[in-house]
Amino acid sequence: MYKNIKFEIREHIGYITINRPEAMNALNMDVLKELKHVLKKISDDSEIRAVIVTGEGRAFVAGADIKQMKRYNPVRGRQMMTLGHEVMDTIDEMPIPFIAAVNGYALGGGCELAMACDIRIASSKAKFGQPEVGLGIIPGFGGTQRLSRLVGKGWAKYLIYTADVVKADKAEAIGLVQAVVEPDQLMAEAERVAGMIASKAPIAVAAAKTTINDGYDADIRTGGRLEIEAETSCFGTRDKGEGMAAFLQKRQPNWENK
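About the criteria used
- Residues numbered from 1 in each chain as written.
- Predicted model: local features only at pLDDT ≥ 70, side-chain atom pairs only at ≥ 80, totals over all residues.
- Heavy atoms only, no water.
- Pairing = 2+ DSSP bridges.
- Helix = DSSP H or I, 4+ residues; strand = E, 2+ residues; numbered from the N terminus.
- Axes fitted to C-alpha atoms, helices over the stretch in contact; angles between N-to-C directions.
- Expected span 1.5 Å × (residues − 1).
- Buried < 20%, exposed > 50% of the residue type's maximum accessible area, 1.4 Å probe, protein only.
- Contact = heavy atoms within 4.5 Å.
- Core = buried A, V, L, I, M, F, W, Y, C linked by side-chain atoms within 4.5 Å.
- Disulfide = S-S within 2.5 Å.
- 1 Å grid on protein atoms, 1.4 Å probe; cavity = no way out; pocket = protein on both sides within 12 Å on 5 of 7 lines; lining within 4 Å.
- Points joined across faces, edges and corners; volume = space filled by probe spheres on them.

Read across the sheet, six strands follow the order E1-E2-E3-E5-E7-E10 without closing on themselves; strand pairing throughout is mixed. Pairing within the sheet leaves two strands with one partner each, and these edge strands are strand E1 (5-10) and strand E10 (179-181). In this sheet, adjacent strand axes meet at a mean angle of 20° when their direction is disregarded. In this structure, strand E2 (residues 13-18) lies alongside strand E3 (residues 50-55), joined through six bridges in parallel fashion. Looking at the pairing, Ile16 lines up with Val53 of E3.

Here's what the structure looks like:
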């Protein structure tokens, strides 16, 4: 169905693989449109509880497609950036958690795609960077905003101003990724984390993601009120009763997502 991505579902986990290895999985308009389409499909599927995003071959995503962007004027550039933001914002705002399994280069739009995900797990061979200023532009898929929120303003300015590329261990040290594993363990680790998430109450996980995101830029009292409202809504679900009953009965819960 898709030319530039692969998508499958296994045991409540969705798998998105950017599949342009001949172009180091660079994001062009077609890839972004396919991602937008598959995200809608994921949103409509109540059985999916976590999503893993990775890249085919040596790269996660080595950036946006420079050959395509070189031809763009400001109007076309705005169209591409707007679509890129729509895709990244959808990942960020969707109640389902996304895990980036970063297998190689995550540069420019690739780094931005990883940052839009909730959790980033990197191969020891992965590299991260925002090289846009070396091309006469700036990060355009949310990089100027998400990077500072993840690693702090100082590191964000350093990485964006210098276009420096950092290895996985450095990315972990500054808080850009949550874990670094050997290449042959990357998908197993991503699946382990996704499986842990998928085993929990979907409504509660969604409420937690929304509350964290909405409260992040608010003051702590506003965030606390958001938490109270989200927790109150959880108390009205069947899954709250099932989860507590399963705990008391020392068995695995059977989530209904209701």
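Taking 1.5 Å per residue as the helical rise, helix H9 (residues 202-216) with its 15 residues ought to reach 21 Å, and the 21 Å between its terminal C-alpha atoms agrees with that figure. The set of residues buried in H9 consists of Pro202, Ala206, Ala207, Lys209, Thr211 and Gly215. Residues of H9 that are buried make contact with helix H3 (74-93), strand E5 (98-102), helix H10 (220-235) and helix H11 (238-248).

Located in the positive-phi region is His12, a residue other than glycine, with phi close to 70°. If you trace the backbone, His12 turns up in the loop between E1 and E2. A positive phi angle, close to 55°, is found at Met24, a residue other than glycine. With respect to the secondary-structure elements, Met24 resides in the loop between E2 and helix H1 (29-43). On the basis of relative accessible area, Met24 is assigned to the partly exposed category, the value being 22%.

The next subject is the nonpolar core. Of all hydrophobic cores here, the largest spans 52 residues; its most connected members are Ile16, Phe60, Phe98, Val102, Phe128 and Leu176. Broken down by element, the residue count for this core peaks at seven residues, all from H1. With sequence-adjacent residues up to four places away left out, Ile16 is seen in contact with Lys6, Phe7, Leu35, Val38, Leu39, Ile42, Val51, Ile52, Val53, Thr54 and Phe98. Core analysis: the next-biggest nonpolar cluster, separate from the first, contains 14 residues, Ala50, Ile121, Leu186 and Ala194 among them.

Regular strands place their side chains on alternate faces of the sheet. For strand E7 (residues 119-123), a buried count of four out of five residues is recorded, marking the element as mostly surrounded by other parts of the structure. Two strands pair when backbone bridges link them, and E5 and E7 are joined in this way by four bridges, in the parallel orientation. Within E7, the position partnered with Ile99 by the bridge is Ile119.

On to the state of the cysteines, then. Applying the stated criterion to the full structure yields zero disulfides. No disulfide involves Cys117; its nearest neighbouring cysteine sulfur is the one of Cys111, lying 11 Å away.

We now examine the layout of surface pockets. Size it by volume and the largest pocket reaches roughly 730 Å³. Lining the largest pocket are 23 residues, with Asp92, Asp118, Ile212, Asn213 and Tyr216 positioned closest to its centre. When contributions to the lining of the largest pocket are tallied by element, the ones reaching two or more residues are H3, helix H4 (109-116), E7, helix H5 (143-151) and H9. If you tally residues by element for the lining of the largest pocket, the top one is H9, at seven residues.

This part is about the sheet that holds strand E6 (residues 105-107). Reading across from one edge, E4-E6-E8-E9 is the order of the four strands in this open sheet, with mixed pairing throughout. The outermost strands of the open sheet, each flanked by one partner alone, are strand E4 (59-61) and strand E9 (165-167). On average, each strand axis in the sheet is inclined to that of its neighbour by 20°, with strand direction left out of account. Summarising the sheet, strand E8 (residues 127-129) and E9 pair through three bridges and their orientation is antiparallel. Residue Lys127 lies in a different strand from E9, and its bridge partner there is Lys167. Along the sheet face, H4 touches E4, E6 and E8 and points at about 75° away from the line of E4.

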